[in-house]
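What follows is each chain in one-letter form.
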Amino acid sequence: MAITKPDRAFANELSEAAGHLITPSMIHDLRRFAKAYARIQMRWCNDNMSDMERARVEKREVSLEALIRDCAASIPGVKSVLFTGDTRGYTVRLMLESGRFNTWGGAESGWGVA
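Please read these numbers as outputs of a predicted model, since none were measured by experiment.

Calculation rules
Residues numbered from 1 in each chain as written. Predicted model: local features only at pLDDT ≥ 70, side-chain atom pairs only at ≥ 80, totals over all residues. Heavy atoms only, no water. Phe/Tyr/Trp six-rings, centres within 6.5 Å; stacked < 30°, edge-to-face > 60°. Helix = DSSP H or I, 4+ residues; strand = E, 2+ residues; numbered from the N terminus. Pairing = 2+ DSSP bridges. Contact = heavy atoms within 4.5 Å. Axes fitted to C-alpha atoms, helices over the stretch in contact; angles between N-to-C directions. Salt bridge = Lys/Arg side-chain N within 4 Å of Asp/Glu carboxyl O. Buried < 20%, exposed > 50% of the residue type's maximum accessible area, 1.4 Å probe, protein only.

Draft legend 1. Structural context of the packing of aromatic side chains. As enumerated under the stated definition, the model contains one aromatic pair in all. Their ring planes at 50 degrees and their centres at 5.1 Å tell us that tyrosine 37 and phenylalanine 83 sit as a pair that is tilted. One end of the pair, tyrosine 37, is in helix α2 (residues 24-46); the other, phenylalanine 83, is in strand β1 (residues 78-83), with 46 residues separating them in the sequence.

Below, the structure written as structure tokens:
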């Protein structure tokens, strides 16, 4: 697992927002799975898929949601995860116990995972 500069930056921002120490290693997989989830949401918007391909993508989407929930559960200060299909913004958002947010939607929209 190669921790990247964006992993470190996101961990620092989230640590401050959540009020807990969050390490880049806690964030790495979460960000990776969130990017894959965003790509799937983009496919729903842009691709004309066959029934077989649609079933495969749906299965991957459910799998990624479970992986993201598992990652988020290991991060202190995270209450829950919100999934959105709107690719114009964050498709994965963390609901923080502190109520802090980094989205235009306010506290009910949570902290977007980039």
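Let us keep going from here.
Draft legend 2. A look at the sheet that holds strand β3 (residues 111-112). Spatially, the three strands line up as an open sheet ordered β1-β2-β3, and their pairing is antiparallel. The strands lining the two open edges of the sheet, one partner per strand, are β1 and β3. Strand direction decides the pairing type here: strand β2 (residues 92-96) and β3, joined by two bridges, are antiparallel. Its bridge partner being in β3, leucine 94 is matched across the sheet by tryptophan 111. Across the face of the sheet, helix α3 (residues 51-73) comes into contact with β1 and β2 while running at roughly 160 degrees to β1.

Draft legend 3. Highlighting the pattern of salt bridges. Under the defined criterion, the tally for this structure stands at five salt bridges. Arginine 31 is the partner of aspartate 7 in a salt bridge, and the nearest nitrogen-oxygen pair spans 2.5 Å. Of the two residues, aspartate 7 is situated in helix α1 (residues 5-18) and arginine 31 in helix α2; the sequence distance between them amounts to 24 residues. Overall, arginine 31 belongs to the buried group, its relative accessible area being 7%. Across the pair aspartate 47 and arginine 43 runs a salt bridge whose closest N-O atoms are separated by 2.8 Å. Salt bridges here are not isolated pairs; linked through shared partners, they connect Arg43, Asp47 and Glu53.

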